[in-house]
Amino acid sequence: MIYPINRIYTEVKNSVASLCKNTSRSYKSTTKTLPFLYFKVLGNPSTFQDLDNNENAIILTIEIHVYTSGTNAMSQAEKIFKLANDKLFELGFARTYGINPIENAQDTTITQLVARYRMTVCEGDF
């Protein structure tokens, strides 16, 4: 099974560390400390198998959420996203959705941005 999620998450986490120390692969309905980056795997389907039915490539789709608050929340979220986005592009991902703001009806003091990325990953790429 091809599953390079830990490596990719670590790369993104390290890329935003100067602006955002709080990151996770686990969803938290209430974030205690902002800014916060949530790294979510949306799909990891197999796309190429050999004649022995060995998995040779997957189509990996991830979603990034950035949460901030305060007077410059949107600007801060955009700066964090730029770091994550640049790292994902460096790794070979293409952005397929976003970067879009999400309205938070429960807490209007929190700014949230979201984007999705996709990449075909072959055995041995990471």
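Residues numbered from 1 in each chain as written. Predicted model: local features only at pLDDT ≥ 70, side-chain atom pairs only at ≥ 80, totals over all residues. Heavy atoms only, no water.

Asker: Got a minute to help me understand the overall build of the chain in this structure?
Answerer: Of the regular secondary structure elements, the chain holds 2 helices and 6 strands. Secondary structure elements in the chain, listed N-terminal to C-terminal, are α-β-β-β-β-α-β-β. In terms of principal-axis extent, the alpha carbons of the chain reach across some 55 × 25 × 20 Å. In the chain, which comprises 126 residues, the share counted as buried stands at 39%. The long-range share in the chain, meaning contacts at least 24 apart out of those at least 6 apart in sequence, stands at 59%. Taken as a whole, the chain presents about 7300 Å² of accessible surface, with 47% of it coming from carbon and sulfur. For the chain, the centre of its 13 positive side-chain charges and the centre of its 12 negative side-chain charges are spaced 10 Å apart. (Helix = DSSP H or I, 4+ residues; strand = E, 2+ residues; numbered from the N terminus. Buried < 20%, exposed > 50% of the residue type's maximum accessible area, 1.4 Å probe, protein only. Contact = heavy atoms within 4.5 Å. Areas by Shrake-Rupley, 256 points an atom, 1.4 Å probe, with all protein chains shown as cover. Lys, Arg positive; Asp, Glu negative; His and termini not counted. Charge placed at Lys NZ, Arg CZ, Asp CG, Glu CD.)

Asker: How do you make sense of the pairing of strand β4 (residues 55–69) when you look at a structure like this?
Answerer: Remember that side chains alternate between the two faces of the sheet whenever the strand is regular. Here β4 lies mainly inside the structure; 11 of its 15 residues are buried. The pairing of strand β2 (residues 36–43) with β4 spans 7 bridges and is classified as antiparallel. When the sheet's bridge partners are listed, Y38 is paired in β4 with H65. Where strand β3 (residues 46–49) and β4 come together, 3 bridges link them in antiparallel fashion. What sits directly across from Q49, in β4, is E55. (Pairing = 2+ DSSP bridges.)

Asker: Can you help me understand the packing of aromatic side chains in this one?
Answerer: The relation between two aromatic rings is expressed through the spacing of the ring centres and the mutual angle of the planes. Throughout the structure, instances matching the rule amount to 3 aromatic pairs. Relative to F39, the ring of Y9 lies with its centre 5.4 Å away and its plane at 65°, an arrangement referred to as edge-to-face. Remark: F39 occurs in strand β2 and Y9 occurs in helix α1 (residues 5–16); sequence separation between them is 30 residues. Across this residue pair, the class does not change: Y9 and F39 are buried. Taken together, a centroid distance of 6.4 Å and an interplanar angle of 75° make the contact between F89 and Y117 edge-to-face. Taken together, the residues F89 in helix α2 (residues 73–91) and Y117 in strand β6 (residues 110–122) connect sequence positions 28 residues apart. Judged by relative accessible area, F89 falls into the partly exposed class, the value being 40%. (Phe/Tyr/Trp six-rings, centres within 6.5 Å; stacked < 30°, edge-to-face > 60°.)

Asker: Explain the packing of α1 against α2 to me, please; I cannot follow it from the model alone.
Answerer: Helix packing geometry: the angle between the two helix axes and the distance between the axes. Running from amino to carboxyl end, α1 crosses α2 at an angle of 140°, the nearest separation of the two axes being 8 Å. When the interaxial angle is binned, α1 and α2 end up oblique. In this structure, α1 meets α2 at a crossing whose hand is right-handed. Side by side, α1 and α2 meet where I8, E11, V12, S15 and V16 of the first sit next to I80, L83, A84, K87, L88 and L91 of the second. For the contact of α1 with α2, the per-class residue count stands at 8 nonpolar, 1 polar and 2 charged. (Axes fitted to C-alpha atoms, helices over the stretch in contact; angles between N-to-C directions. Parallel < 35°, antiparallel > 145°, perpendicular 65-115°, else oblique. Left-handed = near helix turned anticlockwise from the far one by under 90°. Nonpolar A, V, L, I, M, F, W, Y, C, P; charged D, E, K, R; others polar.)

Read these as spatial facts, not as claims about activity.
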